[in-house]
Amino acid sequence: MAKVLVVTSGKGGVGKTTSTAALGAALAQTGQNVVVVDFDVGLRNLDLVMGAERRVVYDLINVVQGDAKLAQALIRDKRCDTLSLLPASQTRDKDNLTAEGVARVMDELRERFDWVICDSPAGIERGATLAMRHADVAVVVTNPEVSSVRDSDRIIGILDSKTERAERGERMEKHLLLTRYDAVRAERGDMLKVDDVLEILSIPLLGIIPESPDVLRASNLGAPVTLSDANSAPARAYMDAARRLKGESVAMSVPSEPKGFFGKLFGRRAA
Amino acid sequence: MNLFNLFTRRENTSAPAARERLQVLLAHERAAIGQSDLVSVLREEILAVIAKHVAIDREKVKVKMDKGEQISTLEVDIELPALVGMPAARAAAH
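Predicted model, so just to flag it, every value in this text is computed and none were measured.

Draft legend 1. Region of interest: the overall build of chain A. Check the secondary structure of chain A and you find 14 helices and eight strands. Taken against the 2.2 N^0.38 rule, which gives 18 Å for 271 residues, the C-alpha radius of gyration of chain A at 18 Å falls within 12% of a compact globule. Once the C-alpha set of chain A is aligned to its principal axes, its extents read approximately 60 × 40 × 35 Å. Of the contacts made within chain A by residues no fewer than 6 positions apart, 74% connect residues no fewer than 24 positions apart. Surface exposure of chain A reaches about 11,900 Å², of which carbon and sulfur atoms provide 47%. Of the side-chain charges in chain A, 37 are positive and 38 negative, and the distance between the mean point of each set is 3 Å.

Put into structure tokens, the structure is as follows:
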């Protein structure tokens, strides 16, 4: 039986899709059978970040509505054969995503995979609550920035009230993934520190993803960052986060890009 | 960034301000959101009880909660229909 994980945030543009792709690939790279599901109907992007945009034939709504079988809609990753994608529809009305249909698809996915990772749309509307509804674990993606932290606080409240687990009176496992972190700026006092964000949101830390050009490079190429530059700082941070999700204890380090003078000159080429 | 910035920066860093603003804001928002949930639950249940006996207009109800240091008060203000409606409602209840 799979573990269902939702990657969520209140604010848009904080790195949910990038993190879904990277965590999904990282778990798959450790041999787990993983599916990443795009719940952002109308603005699908997970297929693009995963480099599968030309392979989409059927999507989540087709499966929810019974127009296609799950097996027809799943796209197996070409680089990692334990990684699959269930894409979102771009054109259809998002009201077609019914609660009953989603529940049925989630049940079917749970049987086939070890991990079902749902990429949530931003905000607190229906799409976001549908994406988190069946989750066992939530990864709250936050930037060290005031609006992102505030919206994350709101999302944490919703995770504690509007999910199946919450309704059964069970605790939802929640983790913080801090993205676009710049250790140098934080140290200088120009960016919220990890500890500040943790103190404010008070949920356990899953990982710190450094601000890095490797993330953009990976999405330009259509590859999860853990598959495209496995040795880069963000890839290593996502790999560690994935191991923590599996229950391993991995020491938390603040990863950073080479920042010294020579590092700046040569670090990029050497990496 | 120039050399001058290197020396002046430490005095007017912005992260502590961000941290303080967030702490104050979220303390308020959490209280407000938690409260509105409780208030709406109470509102629905109180209304359901009263509606069993009196025909009430759901729009003409005010529910307010005041949180004091020692005592918190819940104020429920329900406008009952004109007396003509009352006997009928009482009859219906029996």
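From this point, the narrative continues.
Draft legend 2. Local environment of helix α10 (residues 194-201) of chain A. Here α10(A) has its buried residues at V194(A), D196(A), V197(A), I200(A) and L201(A). Each buried residue of α10(A) lies within a common arc of 165 degrees when the element is viewed along its axis, so the set occupies one face.

Draft legend 3. How the structure looks around helix α13 (residues 233-245) of chain A. An ideal rise of 1.5 Å per residue puts 18 Å on 13 residues; α13(A) measures up with 19 Å between its terminal C-alpha atoms. Where α13(A) terminates, the next one or two residues include G247(A), which has phi positive at roughly 100 degrees.

Draft legend 4. Layout of the environment of R188(A). Residues and elements named next belong to chain A. Considering the arrangement of structural elements, one finds R188 in helix α9 (residues 183-188). You can call R188 partly exposed: its relative accessible area is 24%. In this structure the side chain of R188 is engaged in a polar contact, spanning 3.3 Å, whose partner is the side chain of D190.

Draft legend 5. Here's a closer look at the pattern of salt bridges. In this structure the tally under the stated criterion is 17 salt bridges over all chains. Here E29(B) makes a salt bridge to R150(A), at a shortest N to O gap of 2.6 Å. Of this pair, E29(B) sits in helix α2 (residues 15-53) while R150(A) is found in helix α7 (residues 146-159), placing the two residues in two different chains. Take E29(B): its relative accessible area is 21%, and that puts it in the partly exposed class.

Draft legend 6. Spotlight on the interface of chain B and chain A. With 16 residues of chain B in contact, the opposing surface of chain A contributes 15 residues. A combined buried area of about 1,400 Å² lies between chain B and chain A, and 54% of that area is made up of carbon and sulfur atoms. Where chain B touches chain A, the interface holds four salt bridges. For D196(A), the salt bridge is made with R19(B), and the minimal N-O distance between the two is 2.6 Å. Partitioned by chemical class, the residues of the side of chain B that touches chain A number eight nonpolar, three polar and five charged.

The rules behind these values
Residues numbered from 1 in each chain as written. Chains lettered and ligands numbered in written order. Predicted model: local features only at pLDDT ≥ 70, side-chain atom pairs only at ≥ 80, totals over all residues. Heavy atoms only, no water. Helix = DSSP H or I, 4+ residues; strand = E, 2+ residues; numbered from the N terminus. Rg over C-alpha atoms; globule rule 2.2 N^0.38 Å. Contact = heavy atoms within 4.5 Å. Areas by Shrake-Rupley, 256 points an atom, 1.4 Å probe, with all protein chains shown as cover. Lys, Arg positive; Asp, Glu negative; His and termini not counted. Charge placed at Lys NZ, Arg CZ, Asp CG, Glu CD. Buried < 20%, exposed > 50% of the residue type's maximum accessible area, 1.4 Å probe, protein only. Arc of directions from axis to C-beta. Expected span 1.5 Å × (residues − 1). Polar contact = N/O pair within 3.5 Å; in protein donor to acceptor, adjacent residues only side chain to side chain. Salt bridge = Lys/Arg side-chain N within 4 Å of Asp/Glu carboxyl O. Buried area = accessible area lost by both parts, 1.4 Å probe. Nonpolar A, V, L, I, M, F, W, Y, C, P; charged D, E, K, R; others polar.

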